[in-house]
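Coordinate analysis (summary)
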Amino acid sequence: MPNDFRCDLLLTGARYLSSDMAVVSGKAIAVKDGKILDIVDQDKCAYQAETVLSGSRLLWMPGLVDGHLHTSQQLLRGRLLDEKPVIWKRVNVPFESRLDEESSRLSAQLAAIEMISCGTTGFVDAGGKYPEVYAGVYQAAGLRGRLSVMTNDNPFCPESLRAPSVPAAVDRLRAMKSALTGLLKPIYSVTTPTAVSEELLRAVFQAAEEDGVPVETHMNEYASEVTDFLERYGERPFVWLEREGLLPAPMTAPHCIFLSQEEIAVLARRQVRAVHCPFSNCGKGVPPTPQLLAAGVPVGLGTDGSAHGGLDLFREMRLFRGVMNATRGVGTADSCIMPTETLLKMATQGGAAALMEPGLGVIEQGAPADLIAVDTGAPHLWPTQNLVHTLVESASGADVRHSIVNGKLLMRDRELLTIDRERVRREAEALFEKQPWLQSWK
């Protein structure tokens, strides 16, 4: 066979989701050197590969991208439900301050297992104490992502998470940047504009511009945060950031719940990537997503970490559909305020925008080969009159059969290939016995 028709991985008899979220059938998808080499009619396919995946019940789709998660909160699962606000101040940050390298490594391993198992192939992490530890885990697991340091200089922040000085905080971010390789890239961040000094906020945003690194920070998550910002600066957060010249660097903004029309215009002008976290956010407020999309703002979905109910983005899509219908659609009798195709694009293309990875989020020739296969043969997925609708209505991460990142199989037939699920489970159980504060922490 000529080398022109050799590839690393071949998907035969493939059905897949096109960039406009339509189902295309009867194709063969050839993958080589981490990219989609070609998509051809199955009956005309001349490609050969050592690894061939086929299955008439499979639906191939772009890997999902979690636009906002907290690796360091994986061990907080089940702790936050029914907690009073503000959760991140009272619970999350104090908990993370006590983590050591061992528990942080295990937290990342648990997150990697959950993401791969649920069809997530890329992520944007909000930052923690040990991003280099996370990087070692995620690199071995084969995931694509952006990592950061939790950057905070608030005197009320626990000492182990507090930067000793503004220059030290910037140096720490740059050290992390130098340590990342391959599919893992840096993103500079501060916890939230209202939780850090103006000096630190300016320094991090300036460093991001100078270093050619995107920036990330929680934005407009609580109404009280917007009010605090108004009291401090006399302007809403995004308006102030733009006026102060702090938005030249590409920015991913998790949450974006409480936005004015003026702020939406800022996001559109600056192409700020908004990321909504439906399960986490539904107890705080409802974002103006239809207006954001109409203005041309890239919008992705995130989980906000496993402490907020897990890392299954299929669940987040379904929940967000319900939240949008109940809050934005009912008032205008618009039962399609958040169309199925829009939700799928948010979880794929919108997440890719938050990750800032060109070409990601679509199944097209030349695109990065980050793909997942959903087994549509499960009883809760068939028969169906519209597979795309059923995917959002009824599918879950447990229906993902195969996972591929950068052309490499991470999961085949539900078996993880890059990380030992049972070993990590045993180590997690042992860690809870070794460090009992993890489960009794208040």
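Structure: above.
The present account deals with the structure reproduced in this document. None of these values were measured; they are calculated from a predicted model.

This paragraph deals with the environment of Lys35. Position of Lys35 among the secondary structure elements: in strand S3 (residues 35-41). In this structure Lys35 comes out as partly exposed when scored by relative accessible area, which is 41%. In the structure, Lys35 is positioned 123 residues away from Pro158 in sequence and 44 Å away in space, judged by C-alpha atoms. The residues contacting Lys35, other than those within four sequence positions of it, are Ala30, Gly366, Ala367, Pro368 and Ala369.

Now for the pairing of strand S12 (residues 251-254). Burial of S12 is two-sided: the residues Met251 and Ala253 facing one way and the residues Thr252 and Pro254 facing the other way are all buried. The pairing of strand S11 (residues 215-216) with S12 spans two bridges and is parallel. Looking at S12, one finds that Val215 is bridged to Met251. Pairing between S12 and strand S13 (residues 273-276): three bridges, direction parallel. The residue of S13 that forms the bridge with Pro254 is Val275. Read as a crossover between parallel neighbours, the route from S12 over helix H8 (residues 261-270) to S13 is right-handed.

To continue, consider the state of the cysteines. Taken as a whole and judged by the stated rule, the model has zero disulfides. Free cysteine: Cys256, not disulfide-bonded; nearest cysteine sulfur from Cys277 at 9.8 Å. Cys256 gets classed as buried once you look at its relative accessible area, which sits at 0%.

Take the packing of helix H2 (residues 101-118) against helix H3 (residues 131-141) next. In a packed pair of helices, the relevant descriptors are the angle between the two axes and the axis-to-axis distance. Running from amino to carboxyl end, H2 crosses H3 at an angle of 30°, the nearest separation of the two axes being 9 Å. As H2 packs across H3, the resulting crossing turns out to be right-handed. Contacts between H2 and H3 pair Glu101, Ser104, Arg105, Ala108, Gln109, Ala111, Ala112, Met115 and Ile116 from the former with Val133, Tyr134, Val137, Tyr138 and Ala141 from the latter. For the contact of H2 with H3, the per-class residue count stands at ten nonpolar, two polar and two charged.

What follows concerns the sheet that holds strand S6 (residues 64-69). Read across the open sheet, the four strands follow the order S6-S7-S8-S9; overall the sheet is parallel. The sheet is open, and its two borders are formed by S6 and strand S9 (184-186), each paired with just one other strand. Across the sheet, the mean angle from the axis of one strand to that of its neighbour is 20°, orientation sign disregarded. Here three bridges tie strand S8 (residues 144-147) to S9, and the two strands are oriented parallel to one another. Paired with Arg146 across the strands is Lys185, a residue of S9.

Turning next to the nonpolar core. With 105 residues, the main nonpolar core has Tyr138, Phe238, Met251 and Phe314 as its most contacted residues. If you look at the next biggest cluster of nonpolar residues, it comprises 18 residues, including Ala14, Ile29, Val31 and Leu53.

Bringing helix H14 (residues 421-434) into the picture now. Look at H14: 20 Å from first C-alpha to last across 14 residues, which is about the 20 Å you get at 1.5 Å a residue. The set of residues buried in H14 consists of Val424, Ala428 and Leu431. Down the axis of H14, the sector holding all buried residues measures 65°, keeping them to one side. Facing away from the buried side of H14, by more than 90 degrees, are the exposed residues Arg426 and Glu433. Near the N-terminus of H14, the side chain that reaches the backbone nitrogen of Glu422, with its oxygen 3.2 Å away, is that of Asp420.

As a further point, take the sheet that holds S13. Note: strands within a sheet are paired through backbone hydrogen bonds, in either parallel or antiparallel orientation. Spatially, the five strands line up as an open sheet ordered S10-S11-S12-S13-S14, and their pairing is parallel. A single partner strand is all that each edge strand has here, and the edge strands are strand S10 (188-189) and strand S14 (299-301). With respect to the sheet, helix H12 (residues 340-355) is in contact with S12, S13 and S14, its orientation differing from that of S14 by roughly 105°.

All right, on to the environment of Gly309 then. For Gly309, the position within the fold is in the loop between S14 and helix H11 (313-329). Judged by its relative accessible area of 41%, Gly309 is partly exposed. With 233 residues separating them along the chain, Gly309 and Leu76 place their C-alpha atoms 9.9 Å apart.

Think of a pair of aromatic rings as described by two things: how far the centres are apart, and how the planes are tilted against each other in angle. Under the counting rule described, the total for this entry stands at five aromatic pairs. Ring plane angle 75° and centroid distance 5.6 Å describe the contact between Phe229 and Trp240, whose orientation is recorded as edge-to-face. You can see Phe229 sitting in helix H6 (residues 223-233) and its partner Trp240 sitting in helix H7 (residues 237-243), a full eleven residues away along the chain. The two residues Phe229 and Trp240 agree in class, both being buried. Every member of this aromatic cluster is reached through a ring pair, and the members are Phe229, Tyr233 and Trp240. Taking the ring centre of Phe279 as reference, the NZ or CZ of Arg315 above it sits at 4.8 Å.

About the thresholds
- Counting starts from 1 at the beginning of each chain's written sequence and moves along it residue by residue.
- Confidence filtering applies because this is a predicted model: local features only for residues at pLDDT of at least 70, side-chain atom pairs given and counted only at 80 or more, and all residues used for totals across whole chains, interfaces and linings.
- Note that water and hydrogens are dropped before the side-chain values are worked out from all heavy atoms of the structure.
- In this text, helices come from DSSP runs of H or I with a minimum length of four residues, and strands from runs of E with a minimum of two, each type numbered from the N-terminal end.
- Note on classification: 1.4 Å probe, protein chains only; a residue is buried when its accessible area is under 20% of the maximum for its type, exposed when over 50%, partly exposed between these limits.
- When checking whether two residues touch, look at their non-hydrogen atoms; a contact exists if any pair is within 4.5 Å.
- Think of it this way: DSSP has to see at least two bridges between two strands before they count as a pair.
- By convention, orient the strands away from the viewer: a clockwise path from the first strand over the helix to the second makes the crossover right-handed.
- Our working definition of a disulfide is a cysteine sulfur pair at a distance within 2.5 Å.
- Lines fitted to C-alpha atoms define the axes here, with helix axes fitted over just the stretch in contact, and angles between the N-to-C directions of these axes take values from 0 to 180 degrees.
- By definition, any crossing whose near helix is turned counterclockwise from its far helix by less than a right angle is left-handed, and any crossing with a clockwise turn is right-handed.
- Each residue gets one label: Ala, Val, Leu, Ile, Met, Phe, Trp, Tyr, Cys and Pro are nonpolar, Asp, Glu, Lys and Arg are charged, and the others, such as Gly, are polar.
- In this description, a nonpolar core means a group of buried Ala, Val, Leu, Ile, Met, Phe, Trp, Tyr and Cys residues linked to one another through side-chain atoms lying within 4.5 Å.
- Helix span is expected to be 1.5 Å times the residue number reduced by one.
- Within this analysis, the arc is defined by the directions that extend from the helix axis to the C-beta atoms.
- Here a polar contact is recorded for every N or O atom pair within 3.5 Å, except that within protein the pair must consist of a potential hydrogen donor and a potential acceptor, and residues adjacent in sequence are included only if both atoms are side-chain atoms.
- Under the pairing criterion, centres of Phe, Tyr and Trp rings, with the six-membered ring standing for Trp, must be within 6.5 Å; the plane angle then separates stacked pairs below 30 degrees from edge-to-face pairs above 60, leaving the rest tilted.
- By definition here, charges over rings are those cases where NZ of Lys or CZ of Arg is within 6 Å of the ring centre and within 35 degrees of the ring normal.

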